[in-house]
Amino acid sequence: DYKQNKEWMLGCLERLRMSPSRSTFDCLLLPGDLCTPEELFEECMRSLLEAFKVVCFCFGNHEAWTRGERKGDAPSKDSLEKLERLHG
């Protein structure tokens, strides 16, 4: 949820792309708590999916918080509705 965290992640992905051993990184196991805002979640997942062939992600409590909806969307009525929107 913080700009410096996003910049750090993007820097790591850039270093990974430039790495001579790049072909050895095919899968990322991501144990959740990536961020709360839906738009930031989607942006981060797009970046990760460009960098890895497979991203295995387990939702954490940050993704389930019922705030951070996409601009213009009504707030989720509960955590399950928000997770369904992120999954879809």
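Residues numbered from 1 in each chain as written. Predicted model: local features only at pLDDT ≥ 70, side-chain atom pairs only at ≥ 80, totals over all residues. Heavy atoms only, no water.

**Focus on the pairing of strand E1 (residues 27-30)**
The cut-off we apply is this: Partly exposed residues are those whose accessible area sits between 20% and 50% of the maximum for their type, while under 20% is buried and over 50% is exposed, using a 1.4 Å probe and protein chains only. Each helix is a run of DSSP H or I of at least 4 residues and each strand a run of E of at least 2, with the numbering of both proceeding from the N terminus. When DSSP finds at least two bridges between two strands, those strands are taken to pair.
Burial of E1 is one-sided: the residues Leu28 and Leu30 facing one way are buried, the residues Cys27 and Leu29 facing the other way are not. Judged from the four bridges that link them, E1 and strand E2 (residues 54-57) form a sheet pairing that is parallel. Pairing of Leu30 across the sheet is with Phe57, part of E2.

**Some points on the nonpolar core**
Our working definition: In this text, buried Ala, Val, Leu, Ile, Met, Phe, Trp, Tyr and Cys residues form a nonpolar core when linked through side-chain atoms within 4.5 Å. Whether two residues are in contact is decided by their heavy atoms: any pair within 4.5 Å suffices.
Core analysis: the biggest nonpolar cluster contains 15 residues, and Leu13, Leu28, Met45, Leu48, Phe52 and Val55 have the highest contact counts within it. Elements represented by at least two residues in this core include exactly helix H1 (3-18), E1 and helix H2 (38-51). Residue contributions to this core peak at six residues, all from H2. Residues within four places of Leu28 in sequence aside, it is in contact with Leu48, Phe52, Val54, Val55 and Cys56.

**A few points about the environment of Leu34**
The topology assignment puts Leu34 in the loop between E1 and H2. Counting along the chain gives 28 residues from Leu34 to Lys6, while the straight-line C-alpha distance between them is 9.8 Å. In contact with Leu34, not counting residues within four places along its chain, are Asp1, Phe41, Cys44, Met45, Phe57 and Glu63.

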